[in-house]
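Now for the letters of each chain:
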Amino acid sequence: MITLLKNGKIYDPAHGKDGVFEDIYIRDGRIIAKPGDTEKIGHTLDLAGKVVMAGAIDMHSHIGGGKVNIARMMLPEFQESRRYSEPEAHICTPNCSHHATPNAVDTGFRYIEMGYTAAFEPAMMPINARQTHLEMADTPMIDKGGYAMLGNDDYFLRMLAAGKDQKAINDYVAWILHATHAIGIKVVNPGGISAFKFNQRKLDLDENHSYYQLSARDILKSLSRAVFDLGIAKPLHVHCNNLGAAGNFETTLDTMKAADGLPMHLTHIQFHSYGTEGDRKFSSAAAQIAEALNKHKNITADVGQILFGQTVTASGDSMMQQLNAKHANPKKSVIMDIECDAGCGVVPFKYRDQNFVNALQWAIGLEIFLAVEDPWRIFLTTDHPNGAPFTSYPHLIRLLMDKSFRNEAFAKLNLDAQAMSNLTSLTREYSLYDIAIMTRAGAAKLIGLNDRGHLGIGAGADITVYSDQADREAMFAKPDYVFKDGELVVKDGKVVKVVWGATHTAKPAFDLGIEKDLAAYFDKYHTIQLDNFKIDASEISDDGRGRIIVHQHSKV
Amino acid sequence: MHNAAPSIAGKTTDLASAINAAADILANSQQALFAGLGTEVHGMRALMQLAEKTGATLDHMHSEGTVRNTLTLQNSGWQTTTLTEVKNRADLILVIGTDIISSHPRFFENLLWNADSLFDKPTPELMYLVAAGTNTTPGIAPSGVAPTVVTAETAAFPEIFAALNALANNKHLATESVAGIALSTLQSIVDRLKAARYAVIVWSASHLKFPQAELSVQSLTRLIAKLNETSRVAGLALNSGDGDTSVNNTSTWTSGYATRNRFNPLKNAGKAEYDNYHFSTQRQLASCDALVWISSFNPYPPPSSDVACIVIGHPNMKFDRPPAVFIPVSIPGLDQAGTMFRLDSAVALPLKKLRTSNLPSLNQVVQLINKSLSK
């Protein structure tokens with residue numbers, strides 16, 4: 001059956017379409033060319049000038065796995081807080097639910113209701129990947145995928161310290177992608193999570209891990225090279241050293257240089273853009289970070305915007321979360337060392353607009369959004385749930401698109417923070433086309449989802465239709481229609497059909513010979529066997545809900 | 001191969017009849033209790049769907065211990081580690097209130113006495129703080145080195161933990177001994193924890209059998225947090241088995257809540273609710289109108305009760321009084337594949353099917369009941 005969406009106003013940056021009126025034809029879950037006159041159109045929907053974009057893609061959102069489930073378990077009170085309004089969150093609307101730890105079903109439903117059709121778990125610990133996939137398998141409506149965390153695992157650190165050649169490293173990285181069904185590789189506080197287990201409390205880019213005598217720079221260089229050599233689309237996903245520390249912007253700038261021209265993605269860069277100026281020794285370094293991003297065309301970044309209200313931070317960065325635990329609100333936290341593989345730190349936070357640091361963090365994120373020139377290299381995230389729940393994206397979109405709304409919100413902030421920010425001098429307003437780049441075309445290109453994030457012939461028919469409203473928050477909170485793989489799944493912001501989505505992966509070729517050494521390593525040092533570490537594809541696809549898509553990439 | 005067959009009120013029947021009988025009981029129930037929950041991830045996923053449909057309450061057979069840990073997690077959080085870290089990193093292990101081996105028989109062999117470690121550490125030093133009479137001989141190293149054993153009444157643990165916390169905080173205690181233990185002994189425990197490169201404190205909440213034991217778990221986790229200000233110490237909470245860790249994790253990502261939860265049968269139909277006091281098996285048995293007892297790893301029979309009881313479980317299960325419905329199911333990891341969380345919650349492992357069985361899996365049975373209810 002062919003479905004026709006006619007008279008839509010198309011925003012499809014992958015094809016340079018900026019609000020053009022065009023019809024879209026869908027068959028068997030894909031967008032097709034206009035069929036011949038003899039072919040029957042089964043269903044026609046007149047969109048009458050409504051805004052049409054590809055389904056949105058969240059390229060960084062903690063939607064599943066150990067630390068997310070720990071956050072749920074630790075914070076049962078969040079489940080109750082579904083619709084209450086925080087006094088401090090007065091600039092948010094009821095659409096901004098502030099529920100930071102949705103269960104798997106809620107996660108899928110809240111995403112699709114906002115027109116998002118895919119989300120990527122950015123911190124899938126290889127040893128915990130099975131749990132991550134179990135949770136993602138129980139997340140309906142959307143496609144998903146994960147970035148496997150490396151760079152603090154002892155197998156890799158031993159290889160690097162032993163001076164193993166790049167080819168061996170590449171084989172290991174590719175093996176991890178296969179074994180964990182990931183689509184990208186992430187490094188969190190390179191070397192720092194492991195160093196914390198040796199009681200190191202801080203690790204700078206050029207500081208050595210006390211046991212391995214390797215620097216964070218060594219780790220970054222090796223992993224970014226491996227990811228590049230393997231030819232997968234997604235650049236190395238980097239959570240820099242010194243998360244959240246005043247003055248950390250220099251580490252971030254040095255990390256950009258350490259990429260040495262290779263592609264690298266710096267994640268939740270807002271949390272890594274802090275200076276030490278002013279009476280409180282905490283200031284915005286957004287201008288320096290944005291300038292460097294504008295200059296280094298090999299670098300991409302997502303923002304990790306904070307929004308005010310109650311949330312929880314769930315990070316692989318046990319070293320820095322141990323320090324952050326003293327700011328926990330409510331006062332509780334979980335810090336874990338995990339399996340000579342990585343770690344995690346789960347710390348609830350309540351961001352308040354009358355708190356100097358929080359208010360400035362809010363402004364820093366927006367300053368970065370507005371000062372980075374190329375929307376193809378900056379991505380809209382709140383690092384869900386770390387900066388705010390993903391349900392606050394419509395609010396964030398309005399802040400970017402509506403200068404007066406933004407300035408009104410700014411005027412309510414802590415006054416000392418206002419004095420430290422140049423936000424009101426940034427007059428840029430994002431266009432619908434910019435938003436479509438950031439949340440669709442750019443994200444798909446970055447991750448290598450060739451048939452997603454655009455509306456060209458052959459694309460998967462993940463399509464979101466909005467009514468063009470002046471209130472961009474209302475507009476993006478509640479699309480009129482969402483299609484997932486060609487099926488109408490949301491109507492007027494409500495789910496009308498449940499679907500299960502696919503898992504996107506990348507599986508570059510590698511020398512299987514590496515398994516011999518890995519098997520010996522597992523037998524000697526691990527508490528599980530290699531065969532149990534590897535996830536069989538049937539574990540993801542066997543129950544009839546899940547489906548694995550392997551993306552083929554080639555270096556350009 | 002098992003010979004066990006489904007039965008209704010003790011009379012052998014076929015699977016379809018047993019399924020229909022179970023569905024009938026649930027269809028007429030206003031407030032069912034799903035207890036035991038001895039299953040793995042996929043069985044629990046199926047049970048959660050059935051619980052949502054029937055408005056049932058969920059509690060695991062070993063939750064008395066689990067809840068002590070969960071309450072600590074929800075009140076202050078904690079700092080913990082996992083088995084591979086223990087094996088490769090721990091140079092000091094302090095065991096609290098348990099012999100470990102009765103619940104985890106290969107703990108010492110796999111994690112302590114195995115000489116291979118990534119960082120060439122010595123065999124860890126082992127200290128016990130346990131009730132007198134606890135079997136600590138498994139703690140004697142292969143080299144013959146005996147562990148340090150400090151004994152006290154279990155009921156005195158809260159006092160001892162408080163003293164350890166005080167000493168870790170450099171507080172002066174105006175006494176010579178605490179609960180019969182010389183202050184110098186407690187000081188030496190704290191000193192050794194502080195001096196260790198990576199100390200691990202192991203407890204089993206199910207062994208802390210005294211009122212408000214969750215506060216003692218919390219006292220231990222506070223001690224760990226304090227010591228971590230300057231050195232590395234981590235906790236390891238042992239579980240009690242029968243899939244307790246798998247069930248708790250699956251429940252949490254499915255409903256948002258750990259177990260001792262329910263799907264409200266009346267108001268806000270299907271809404272998940274959490275109450276680790278009221279939703280205990282013991283309390284619910286007094287008010288539920290149907291009991292679904294699940295025990296697929298071990299032939300543990302249901303608690304005695306007068307409510308209509310559906311048992312889905314181990315084929316060797318024996319009953320004092322036959323339940324309304326009994327459906328024997330395959331044993332995960334033996335008769336069927338599955339997925340199981342390890343005690344440290346960080347690792348989920350595939351369970352393999354090792355032999356042929358003619359029994360259905362719990363997952364299949366629950367789905368059939370669900371289907372029968374939808375008719």
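Because the structure is predicted, anything quoted here is derived from the model rather than measured.

Moving on: the overall build of chain B. A count of helical and extended segments in chain B gives eleven helices and 19 strands. C-alpha atoms of chain B, sized along the principal axes, occupy 70 × 45 × 35 Å. A buried classification covers 55% of the 375 residues belonging to chain B. Look at the contacts in chain B between residues 6 or more apart in sequence, and 66% of them connect residues 24 or more apart.

This part covers the environment of Leu 15 of chain B. Residue and element names in this part refer to chain B. Within the element layout of this structure, Leu 15 appears in helix H1 (residues 15-27). Sequence spacing of Leu 15 and Ile 327 is 312 residues, and the spatial spacing of their C-alpha atoms is 7.4 Å. The contacts of Leu 15, once residues within four sequence positions are left out, are Pro 6 and Pro 360.

Moving on, we get to the domain arrangement of chain A. Residues and elements named next belong to chain A. Taken as a whole, chain A is organised into domain 1 (2-53 + 455-495) and domain 2 (56-447). Of note, the centres of domain 1 and domain 2, computed from C-alpha atoms alone, are 31 Å apart. Contacts between the two partners involve 21 residues from domain 1, matched on the other side by 23 residues from domain 2. If you list the elements that add at least two residues to the side of domain 1 that touches domain 2, you get strand E2 (17-27), strand E5 (51-54), helix H17 (472-477), strand E20 (481-484), strand E21 (487-491) and strand E22 (494-495).

Another point: the packing of helix H9 (residues 249-258) of chain A against helix H10 (residues 286-295) of chain A. Residues and elements named next belong to chain A. Contact geometry of H9 with H10 gives a least axis separation of 10 Å together with a crossing angle of 5 degrees. On the basis of the axis angle, H9 is roughly parallel to H10. Facing Phe 249, Thr 252, Leu 253 and Met 256 of H9, the residues of H10 in contact are Gln 288, Ile 289 and Ala 292. Partitioning the contact of H9 with H10 into residue classes produces five nonpolar, two polar and no charged.

Let's shift gears to the packing of helix H2 (residues 41-54) of chain B against helix H9 (residues 244-255) of chain B. Residue and element names in this part refer to chain B. Direction vectors running N to C along H2 and H9 enclose 45 degrees, while the axes themselves pass 9 Å from each other. As judged from the angle between their axes, H2 and H9 are oblique. In this structure, the crossing between H2 and H9 has a hand that is right-handed. Each of Val 41, Met 44, Arg 45 and Met 48 in H2 lies in contact with H9, whose residues at this interface are Ser 246, Val 247, Thr 250, Ser 251, Thr 254 and Ser 255. Considered class by class, the residues forming the contact of H2 with H9 number four nonpolar, five polar and one charged.

Counting residues at the interface gives 37 residues for chain A, matched by 42 residues for chain B. Within the residue set of the side of chain A that touches chain B, elements represented by two or more residues are helix H1 (66-74), helix H2 (76-80), helix H4 (129-137), strand E16 (333-338) and helix H18 (514-525) of chain A. It is E16 of chain A that provides the largest number of residues to the side of chain A that touches chain B, a total of six residues. Split into classes, the residues belonging to the side of chain A that touches chain B amount to 14 nonpolar, twelve polar and eleven charged.

Residues and elements named next belong to chain B. Domain annotation of chain B identifies domain 1 (7-62 + 242-374) and domain 2 (67-238). Distance from the C-alpha centre of domain 1 to the C-alpha centre of domain 2: 34 Å. The partner domain 2 presents eight residues to the nine residues of domain 1 that form the contact. Its residues placed into classes, the side of domain 1 that touches domain 2 shows four nonpolar, two polar and three charged.

Turning our attention to unusual backbone geometry. Residue and element names in this part refer to chain A. Each neighbour pair has its own omega, and for Asn 329 with Pro 330 the value is -5 degrees, a cis peptide bond. Look at the link from His 384 to Pro 385: it is a cis peptide, with omega at -5 degrees. Its place among the elements puts Pro 385 in the loop between strand E18 (378-379) and helix H13 (393-401). Residue Lys 281 is not a glycine yet carries a positive backbone phi of 55 degrees. Its place among the elements puts Lys 281 in the loop between strand E12 (274-275) and strand E13 (283-284). The class for Lys 281 is exposed, based on 11 C-beta atoms found within 10 Å.

What follows concerns the nonpolar core. A general tendency of soluble globular proteins is for nonpolar side chains to be buried together. Among the nonpolar cores identified, the biggest contains 286 residues, and Val 173 of chain A together with Ala 22, Phe 34 and Leu 94 of chain B are the most heavily contacted of them. Broken down by element, this core gets its largest block of residues, eleven residues, from helix H12 (residues 356-371) of chain A. When near neighbours in sequence (up to four residues on either side) are disregarded, Val 173 of chain A contacts Leu 150, Ile 185, Ala 226, Val 227 and Leu 230 of chain A.

Residues and elements named next belong to chain A. Burial within strand E9 (residues 184-188) is extensive, with five of its five residues counted as buried. Alternating residues of E9 divide into Gly 184, Lys 186 and Val 188 and Ile 185 and Val 187, and every residue in both groups is buried. The sheet contact formed by strand E8 (residues 143-149) and E9 spans three bridges and is parallel. Across the sheet, the residue bridging to Tyr 147 is Gly 184, located in E9. The pairing of E9 with strand E10 (residues 236-239) spans three bridges and is parallel. Its bridge partner lying in E10, Lys 186 is registered against His 237.

This paragraph deals with H4 of chain A. Counted residue by residue, H4 of chain A has nine buried out of nine residues, so it is predominantly covered. Of all the residues in H4 of chain A, the buried ones are Ala 129, Arg 130, Gln 131, Thr 132, His 133, Leu 134, Glu 135, Met 136 and Ala 137 of chain A.

For the α-helix, the turn length of 3.6 residues means that residues three or four positions removed from each other point alike. With 15 residues, helix H8 (residues 213-227) of chain B should reach 21 Å at 1.5 Å per residue; the first-to-last C-alpha distance of 22 Å fits that figure. Within H8 of chain B, eleven of the 15 residues are buried, which leaves the element mostly enclosed by the surrounding structure.

Our next topic: the environment of Ser 143 of chain B. Here Ser 143 of chain B lies in the loop between strand E7 (125-130) and strand E8 (148-151). Sequence separation between Ser 143 of chain B and Trp 113 of chain B is 30 residues; the distance between their C-alpha atoms is 9.3 Å.

For the rest of this paragraph, the subject is the environment of Glu 52 of chain B. Residue and element names in this part refer to chain B. Counting through the fold element by element, Glu 52 comes out in helix H2. By C-beta crowding, Glu 52 is classed as buried, having 20 other C-beta atoms within 10 Å. What Glu 52 contacts, discounting residues up to four positions off in sequence, is Phe 263 and Gly 270.

All names here are of chain B. The strand order across the open sheet formed by nine strands is E2-E1-E17-E16-E15-E3-E4-E13-E14, and the pairing between neighbours is mixed. The two strands at the open ends of the sheet, each matched to only one other strand, are strand E2 (11-12) and strand E14 (272-274). As paired strands, strand E15 (residues 290-295) and strand E16 (residues 308-313) are joined by six bridges and run parallel to one another. Counterpart to Ile 294 in the pairing with E16 is Ile 312.

Cut-offs applied
Residues numbered from 1 in each chain as written. Chains lettered and ligands numbered in written order. Predicted model: local features only at pLDDT ≥ 70, side-chain atom pairs only at ≥ 80, totals over all residues. Helix = DSSP H or I, 4+ residues; strand = E, 2+ residues; numbered from the N terminus. Buried ≥ 20, exposed ≤ 12 C-beta atoms within 10 Å, placed from the backbone. Contact = placed C-beta atoms within 7 Å. Domains from an automatic or database assignment. Axes fitted to C-alpha atoms, helices over the stretch in contact; angles between N-to-C directions. Parallel < 35°, antiparallel > 145°, perpendicular 65-115°, else oblique. Nonpolar A, V, L, I, M, F, W, Y, C, P; charged D, E, K, R; others polar. Left-handed = near helix turned anticlockwise from the far one by under 90°. Core = buried A, V, L, I, M, F, W, Y, C linked by C-beta atoms within 7 Å. Pairing = 2+ DSSP bridges. Expected span 1.5 Å × (residues − 1).

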